[in-house]
Amino acid sequence: MAQYTRVAGSVGLITLQNPPVNALSAMVRQGVVDTMERALSAPEVKSLVICGQKETFCGGADIREFGTKMSGPPLTPLIHAIEASTKPVVAAIEGVALGQTGASRGDSGSTAS
Ligand SMILES: CC(C)(COP(=O)(O)OP(=O)(O)OC[C@H]1O[C@@H](n2cnc3c(N)ncnc32)[C@H](O)[C@@H]1OP(=O)(O)O)[C@@H](O)C(=O)NCCC(=O)NCCSC(=O)/C=C/CCCCCCCCCCCCC(=O)O
């Protein structure tokens, strides 16, 4: 899943929650879609931060779903929705950040879209 909280008044925080590595399962992708919609429609929220729980950003695709029938929202439209966001979206990356285009493991850092 993805948990939505509001921090520091105007910042919406979306936390990827899927132990052990916050991989992008169907539930997580749906959670990001839902929480993005909620945050974008909240006038008091001016910007968004996406992070992972427990010092791990994201392990990429959920390998436990490989070989099963795919469900949930596809990834590409989700990425496009984040990139098209009318509010700034920042990824707060700690630990592993894996995905289709590469991998990294760092102490901390952030990227903005
Ligand atoms: C570096 C690691 C992540 C961690 O290493 P380490 O700290 O040493 O720990 P480990 O002992 O290796 O692992 C700990 C436990 O975590 C489990 N684990 C690890 N990775 C995953 C994972 N990705 N998913 C689930 N579980 C994971 C591991 O099994 C251990 O469990 P346990 O303790 O034994 O029980 C390291 O583990 C590592 O490198 N993992 C592999 C990461 C990986 O291969 N990720 C996939 C990368 S490829 C990718 O992301 C591709 C993306 C393309 C899009 C995919 C989008 C999702 C599906 C979309 C469905 C719809 C498609 C529609 C079409 C479209 O939209 O395009």
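Refer to the preceding data block for the structure.
Summarised in this report is the structure supplied together with it. No experiment lies behind these values; they were computed from the predicted model shown. Sequence order sets the numbering: in each chain, residues are counted from 1 along the sequence as written. Residues qualify for local features only when their pLDDT is at least 70, as the model is predicted, and side-chain atom pairs are given and counted only at 80 or more; totals for whole chains, interfaces and linings, by contrast, use all residues. Excluded from the side-chain calculations are hydrogens and water; all other atoms, namely the structure's heavy atoms, are used.

### Regarding the overall build of the protein
By definition, any uninterrupted DSSP run of H or I lasting at least four residues is a helix, any uninterrupted run of E lasting at least two residues is a strand, and each is numbered from the N terminus. Looking only at helices and strands, one finds two helices and five strands in the protein. Walking the protein from its N terminus toward its C terminus, one meets helices and strands in the order β-β-α-β-α-β-β. Residue burial in the protein is summarised as follows: out of 113 residues, 40% are buried. Contacts between residues were defined by any pair of non-hydrogen atoms, one from each residue, lying within 4.5 Å. A separation of at least 24 residues holds for 69% of the contacts in the protein among residues at least 6 apart in sequence. Residue exposure ignores everything except the shown protein chains as possible cover, and the areas themselves are Shrake-Rupley values with a 1.4 Å probe. Summing over all exposed atoms, the protein offers an accessible surface of approximately 6700 Å²; the carbon and sulfur share of this is 59%. To sort residues, take the accessible area from a 1.4 Å probe on protein chains only and compare it with the maximum for the residue type: under 20% means buried, over 50% means exposed, and anything in between is partly exposed.

### A look at the environment of Gln17
With respect to the helices and strands, Gln17 occurs in the loop between strand 2 (11-16) and helix 1 (26-40). When the C-alpha positions of Gln17 and Ile79 are compared, they lie 18 Å apart, and in sequence the two are 62 residues distant. Residue contacts for Gln17: discarding those within four places in its chain leaves Met1, Gln3, Asn22, Val28 and Gln53. Nitrogen and oxygen atoms within 3.5 Å of one another constitute a polar contact, given that in protein one can donate a hydrogen and the other can accept it, and given that sequence-neighbouring residues count only through two side-chain atoms. Polar contacts involving the side chain of Gln17 include one to the side chain of Gln3, which spans 3.4 Å.

### A closer look at the site of the ligand
Only heavy atoms are used to decide nearness, and a residue is near a molecule or strand if one of them lies within 4 Å of it. With respect to spatial proximity, 19 residues lie near the ligand, and among them Pro20, Gly59, Ala61, Ile63 and Leu75 are the closest. Within the backbone of Ala61, a nitrogen or oxygen atom sits 2.8 Å from a nitrogen atom of the ligand. In this structure, a nitrogen atom belonging to the ligand sits 3.5 Å away from a side-chain N or O atom of Asp62. Out of a free accessible area of 1300 Å², the ligand has 52% covered by protein chains. Among the secondary structure elements, those contributing two or more residues to the shell around the ligand are helix 2 (75-83) and strand 4 (89-99).

That is the geometry; function is a separate question.
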